[in-house]
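Single-letter residue listing:
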Amino acid sequence: MAIQETGDLVTIRLCATRDIPAGEVIRVDLDDGRALAVYNLDGEFFATDDLCTHGDASLAEGEVDGGKILCPFHMGSFDIRTGEAIGAPCSIAVRTYCVSVAGDDVVIDA
Ligand code: FES
């Protein structure tokens, strides 16, 4: 993880775009202790907290199904773009992050 400053914009580098094949998700551990699930949906990148809001499960170990992520524990699901819980037993949204691509890097606002 690297913090990058471009003018007034401060971002955190998550990974390279090539690190996530289309339709896949990876886990990225930040230096501050947060763990994020980072997704590639047909060349668009998104990030959510990695921890499922229903239990102690890593969403990055789940399955991307179109625009949703299926939790590996109880198969609840979230909208990857909005974080909305869309499949039981999940009922609480997962936090999302503002993701952008800078060159070959996937970054979030710091
Ligand atoms: S822990 Fe994710 S659906 Fe239960």
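Residues numbered from 1 in each chain as written. Predicted model: local features only at pLDDT ≥ 70, side-chain atom pairs only at ≥ 80, totals over all residues. Heavy atoms only, no water.

## Points about the side chain of Thr48
Counting through the fold element by element, Thr48 comes out in strand 5 (residues 44-49). Apart from residues no more than four positions distant in its own chain, Thr48 is found in contact with Ala35, Leu36, Ala37, Tyr39, Leu59, Ile80, Val94, Arg95, Thr96 and Tyr97. (Helix = DSSP H or I, 4+ residues; strand = E, 2+ residues; numbered from the N terminus. Contact = heavy atoms within 4.5 Å.)

## Quick word on the pairing of strand 4 (residues 35-41)
Among the seven residues that make up strand 4, seven are buried, leaving the element largely enclosed by the rest of the structure. Sheet topology places strand 3 (residues 24-29) next to strand 4; six bridges connect them, and they run antiparallel. Each bridged residue has a counterpart across the sheet, and for Val25 the counterpart in strand 4 is Tyr39. The antiparallel hairpin formed by strand 3 and strand 4 contains five residues in its connecting segment, where Gly33 sits at a positive phi of about 100 degrees. (Buried < 20%, exposed > 50% of the residue type's maximum accessible area, 1.4 Å probe, protein only. Pairing = 2+ DSSP bridges.)

## A word on the sheet that holds strand 3
Pairing in this open sheet of four strands is antiparallel, and the strands run 3-4-5-10 from one edge to the other. A single partner strand is all that each edge strand has here, and the edge strands are strand 3 and strand 10 (96-97).

## Here's the deal with the environment of Ile26
Inspection of the secondary structure assignment puts Ile26 in strand 3. C-alpha separation for the pair Ile26 and Gly62, spaced 36 residues apart in sequence, amounts to 9.7 Å.

## Some details on the sheet that holds strand 6 (residues 63-65)
Overall, antiparallel pairing links the four strands, which are arranged 6-7-8-9 in an open sheet. Of all the strands in the sheet, just strand 6 and strand 9 (85-87) have a single pairing partner and so form its edges. This sheet shows a mean twist of 35 degrees between the axes of neighbouring strands, independent of strand direction. The pairing of strand 6 with strand 7 (residues 68-70) spans three bridges and is antiparallel. Paired with Asp65 across the bridge in strand 7 is Lys68. (Axes fitted to C-alpha atoms, helices over the stretch in contact; angles between N-to-C directions.)

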